[in-house]
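As a plain string of letters, each chain reads:
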Amino acid sequence: MVSPKIDRLVRYTGVNLASTVVDYTIFLTLTHIFGMPILESVIAYSVAVLVNYTLTKNFVFLGDMSHKSEHRLFMEFVGTGLLGLVITAAVIWFTIHVLALTPLAAKTISMLICFVVLYFVRSRLVFNENAGSSAVA
């Protein structure tokens, strides 16, 4: 039997792979057309956050949030998404302008960093039944 934490991590990874496909498809399409990788990454990331929220809520953290309203859960998820957006933009800027990497390499590095950071933050703060349960919104 697989531990619940491993099972959740595997499901989280699957959900993130799906939203990564959305993110990369939009990013690469817009970059090919317009050639402004930081702006296009922000747009692609924002759409992927919406996809990720829906999939995460429905397939990863099942039943963990009975004390949180849908609005509160979404706003907390979007807040962590904004953290990921800042990380994404900063890493892409750094890897393109300082390390002289390609936009594709920069995007890949930023997504790997965001994956780790956001899993930690979301599993501990957003989708944790004990986080802030005294203030039901």
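Heads up: the structure comes first, above all this text.
Described in the following lines is the structure provided in the data block. Computed from a predicted structure; not experimentally measured.

### Observations regarding helix α2 (residues 37-59)
Here is step 1: The end-to-end C-alpha distance of α2 is 31 Å, a good match for the 33 Å that 23 residues give at a rise of 1.5 Å each.
Here is step 2: When α2 is considered as a whole, its buried residues turn out to be Pro37, Glu40, Ser41, Ala44, Tyr45, Ala48, Val49, Asn52, Tyr53 and Thr56.
Here is step 3: Next to the buried residues of α2 lie α1 (4-34), α3 (70-97) and α4 (103-126).

### What about the environment of Leu30?
Here is step 1: Mapping Leu30 onto the fold places it in helix α1.
Here is step 2: Residue Leu30 is classed as buried on the basis of its relative accessible area of 18%.
Here is step 3: Every residue in contact with Leu30, bar those within four places of it in the chain, is listed here: Gly35, Glu40 and Ile43.

### Digging into unusual backbone geometry
Here is step 1: Its identity as a non-glycine residue notwithstanding, Ala100 has a phi of 60°, on the positive side.
Here is step 2: Mapped onto the elements of the fold, Ala100 is located in the loop between α3 and α4.
Here is step 3: The exposure class of Ala100 is exposed, given its relative accessible area of 64%.

### Focus: the packing of aromatic side chains
Here is step 1: In total, this model carries 5 aromatic pairs according to the counting rule given.
Here is step 2: Ring plane angle 45° and centroid distance 5.4 Å describe the contact between Tyr12 and Phe115, whose orientation is recorded as tilted. Of the two residues, Tyr12 sits in helix α1 while Phe115 sits in helix α4, which places them 103 residues apart along the sequence.
Here is step 3: A relative accessible area of 26% means that Phe115 is categorised as partly exposed.

### As for the environment of Val47
Here is step 1: As for its position among the elements, Val47 is in helix α2.
Here is step 2: In this structure the C-alpha to C-alpha distance between Val47 and Phe115, which are 68 residues apart in sequence, comes to 16 Å.
Here is step 3: If near-sequence neighbours (up to four positions away) are discounted, Val47 is found in contact with Val22 and Ile26.

Rules used throughout
Residues numbered from 1 in each chain as written. Predicted model: local features only at pLDDT ≥ 70, side-chain atom pairs only at ≥ 80, totals over all residues. Heavy atoms only, no water. Helix = DSSP H or I, 4+ residues; strand = E, 2+ residues; numbered from the N terminus. Expected span 1.5 Å × (residues − 1). Buried < 20%, exposed > 50% of the residue type's maximum accessible area, 1.4 Å probe, protein only. Contact = heavy atoms within 4.5 Å. Phe/Tyr/Trp six-rings, centres within 6.5 Å; stacked < 30°, edge-to-face > 60°.

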